[in-house]
Amino acid sequence: MIDIVINYLTEPWQTTILLCVVFACVSSGVLSPIVVSSRMAFFSDAVAHSTLAGVALGMLLGVGSPVTTMIAFAVIVALLIATLRQYTTLALDTLLGVAMAGSLAFGVLIYEKVRGYSDLHSYLFGSVSLLGTEDLMFLAANAVLALLMVGLFANKFLLVAVSRPLAQARGLPVARYEYLLIVVLGLVVAVGVRAVGLLLVNALLIVPAATSRNLSRSVAGMFWGSVAVALTAGLAGLFLSDWLDFAASPGIVAAAVILFLVSQLLRPLLGHHVAE
Amino acid sequence: MGHEPLLQLNNVTVEAGGKALVRDVSFTLVRGEMIALIGPNGAGKTTLLRAILGLVRYRGKIVIGGRIGYVPQRLQYDRTLPMTVLEFMALTLQSSPVMFGIRRATRRRALELLDHVGATRLARSSLGGLSGGELQRVMLAGALHGAPELLLLDEPAAGVDIEGEATFLELIHRQVHERGATVVLVSHDLSVVSDITDRVICLNVDLKCEGKAKDLLTAERIAEVFGGHKAVYGHHHHH
């Protein structure tokens, strides 16, 4: 096990992978408390699913790099959902369900035509072992973006999360902040999906804060706990997957979920009141 | 009490789906005055406050001569969100993210505001664990930031026990006397507000009556405003 860790620290291509995972975990870990508090978990899922259609569309249109169409499509879908939300009486989860099913079906249809079915696997689960310098740049940019969002707007997002009417009454342009969060989430999710797969991006945006919420009584506790959970799961999943010879992405997700289950068991011991 | 108007409403109408929620309401509030806005549920009281806050479209004219502090009606919020009262206060008191630490100046100001409402001991409590009365105090403390000239309180007593209600109203009364605040107190319960307010405005979509509590509150008036339900007077009913 130790030699695996040492390899990750010394072999340049492995160090790249390690840094990719660290950046992916940092961006998800810092955004997770906002996503979970704002009840956007299902939303990020829907946006993540739309990225497939974005990639497929890019290939179909012959755009140089499908990354552009992927990010653009994710952001467009995100904005579309946010806008529809204002003009429909449907519940948000229903709307997201439709968006998710629609963009996934649409994506798979085009994807099969242009590339065959085999690559879907890497789209869903990522290919951590193939991560390179370009991914590292994207994921680093993601982490910077996520940190900037939190650094500049966390208080606003949290006030909206506590109570939308209260935030409105205090003069906050709530809709504008919601759009901002949605666009940034669209970006972060799209870039994340490309590098580490849909499953991992979603899991890391939701599970870390779900875990830290169980154990903390303050925003600070929830936030730092979330970052710690994301990083612990990321590193443990990466090293263990190498050691036990399984794929890294599901390994990281499994590690995060195990941490969540542990937090759920610890919760009563900490004397926290059960959620109403 | 001065005579300078702080809040002026001229023929304010709010409509939704072709139906008037508030119709043609006009009144003026001078500095230092404390009025109660009463009416049955669905009479448009909250809508009128939202119009004053600029949160809904309205016709007519609203002129406000100062900053507004607002305490919402029994706040629906995520009680499972881990957040201390101090962190909640800090959300609006500092621009740096609360998770990166609460600044010393923020802490001092938050404690000062909480002290105004007798709630310093709640600073470290979890926001989700507060009782109805405690939550109202914290909300009032939050609303007092920025030294608002006009306080809008929407059913501040709803969900609060009778003892808590009395002390809460006492707190508001103190704001009026010590800080010269002007207060609009929304209530569906006359008995709560008639003793402490200078003036009562009865609303049921239209303005139904206006004047000193004791002069106005005859049985016929109440019947007129509340559509025959006298139950609102001298009696509690929560929803």
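Residues numbered from 1 in each chain as written. Chains lettered and ligands numbered in written order. Predicted model: local features only at pLDDT ≥ 70, side-chain atom pairs only at ≥ 80, totals over all residues. Heavy atoms only, no water.

Caption draft 1: View of the sheet that holds strand β9 (residues 206–211) of chain B. Residues and elements named next belong to chain B. In space, the six strands of this open sheet follow the order β5-β6-β7-β3-β8-β9, with mixed pairing throughout. Of all the strands in the sheet, just β5 (68–71) and β9 have a single pairing partner and so form its edges. On average, each strand axis in the sheet is tilted by 15° relative to the strand beside it, whichever way the strands run. Here five bridges tie strand β3 (residues 34–38) to strand β7 (residues 182–187), and the two strands are oriented parallel to one another. Paired with I35 across the bridge in β7 is V184. Across the sheet, helix α1 (residues 45–52) touches β3, β5, β6 (150–154), β7 and β8 (199–204), and the angle it forms with β6 is around 150°. (Pairing = 2+ DSSP bridges. Helix = DSSP H or I, 4+ residues; strand = E, 2+ residues; numbered from the N terminus. Axes fitted to C-alpha atoms, helices over the stretch in contact; angles between N-to-C directions. Contact = heavy atoms within 4.5 Å.)

Caption draft 2: The arrangement of the environment of A:P33 in detail. Residue and element names in this part refer to chain A. One can find P33 in helix α2 (residues 12–37). Owing to a relative accessible area of 2%, P33 belongs among the buried residues under this scheme. Sequence separation between P33 and S212 is 179 residues, and the spatial gap between their C-alpha atoms is 8.6 Å. (Buried < 20%, exposed > 50% of the residue type's maximum accessible area, 1.4 Å probe, protein only.)

Caption draft 3: The arrangement of the interface of chain B and chain A in detail. Contacts between the two partners involve 32 residues from chain B, matched on the other side by 27 residues from chain A. Roughly 2,600 Å² is buried in total at the junction of chain B and chain A, and carbon and sulfur atoms are behind 65% of that figure. The three residues of chain B that bury the most area against chain A are B:P82, B:L91 and B:M99, which together make up 25% of that side's buried surface. Where chain B touches chain A, the interface holds two salt bridges. For A:R213, the salt bridge identified is with B:D78, shortest N-O distance 3.4 Å. In this structure, the connection of chain B to chain A is made through ten residue pairs in polar contact (both at pLDDT 80 or more). At the level of elements, α2 (85–93) and α4 (132–144) of chain B are the ones that each hand at least two residues to the side of chain B that touches chain A. Here the side of chain B that touches chain A gets five residues from one element, more than from any other, and that element is α2(B). For the side of chain B that touches chain A, the per-class residue count stands at 19 nonpolar, nine polar and four charged. (Buried area = accessible area lost by both parts, 1.4 Å probe. Salt bridge = Lys/Arg side-chain N within 4 Å of Asp/Glu carboxyl O. Polar contact = N/O pair within 3.5 Å; in protein donor to acceptor, adjacent residues only side chain to side chain. Nonpolar A, V, L, I, M, F, W, Y, C, P; charged D, E, K, R; others polar.)

Caption draft 4: Structural context of the packing of helix α3 (residues 104–116) of chain B against α4(B). Residues and elements named next belong to chain B. The interhelical angle for the contact between α3 and α4, taken along N-to-C directions, is 120°, at an axis separation of 8 Å. Taken together, α3 and α4 sit at an angle that is classed as oblique. The handedness of the crossing between α3 and α4 is right-handed. Counted together, R109, L113, L114 and H116 of α3 and V138, A141 and L144 of α4 form the full contact between these two elements. (Parallel < 35°, antiparallel > 145°, perpendicular 65-115°, else oblique. Left-handed = near helix turned anticlockwise from the far one by under 90°.)

Caption draft 5: Layout of the pattern of salt bridges. Within this structure, the stated rule accounts for twelve salt bridges over all chains. B:E4 serves as the salt-bridge partner of B:R31, at 3.2 Å between the closest nitrogen and oxygen. Note that B:R31 is positioned in the loop between β2 (19–30) and β3 and B:E4 in the segment before β1 (5–16), a separation of 27 residues in sequence. A relative accessible area of 24% places B:R31 in the partly exposed class. Ionic pairing is found between B:R199 and B:E33, a salt bridge with its closest N-O pair at 2.5 Å. Residue B:R199 is found in strand β8, and its partner B:E33 is found in the loop between β2 and β3; the two are separated by 166 residues along the sequence. Residue classification places B:E33 among the buried positions, given a relative accessible area of 6%. Through salt bridges that share partners, A:R39, A:R213 and B:D78 make up one connected network.

Caption draft 6: Broad picture of the packing of aromatic side chains. All names here are of chain A. A full pass over the atoms with the stated rule returns seven aromatic pairs over all chains. Ring plane angle 65° and centroid distance 5.7 Å describe the contact between F153 and Y177, whose orientation is recorded as edge-to-face. Of the two residues, F153 sits in helix α7 (residues 133–162) while Y177 sits in helix α9 (residues 174–196), which places them 24 residues apart along the sequence. Overall, F153 belongs to the partly exposed group, its relative accessible area being 21%. Judged by its relative accessible area of 14%, Y177 is buried. Consider the rings of F157 and Y177, whose centres lie 6.1 Å apart with planes at 90°: the pair is edge-to-face. (Phe/Tyr/Trp six-rings, centres within 6.5 Å; stacked < 30°, edge-to-face > 60°.)

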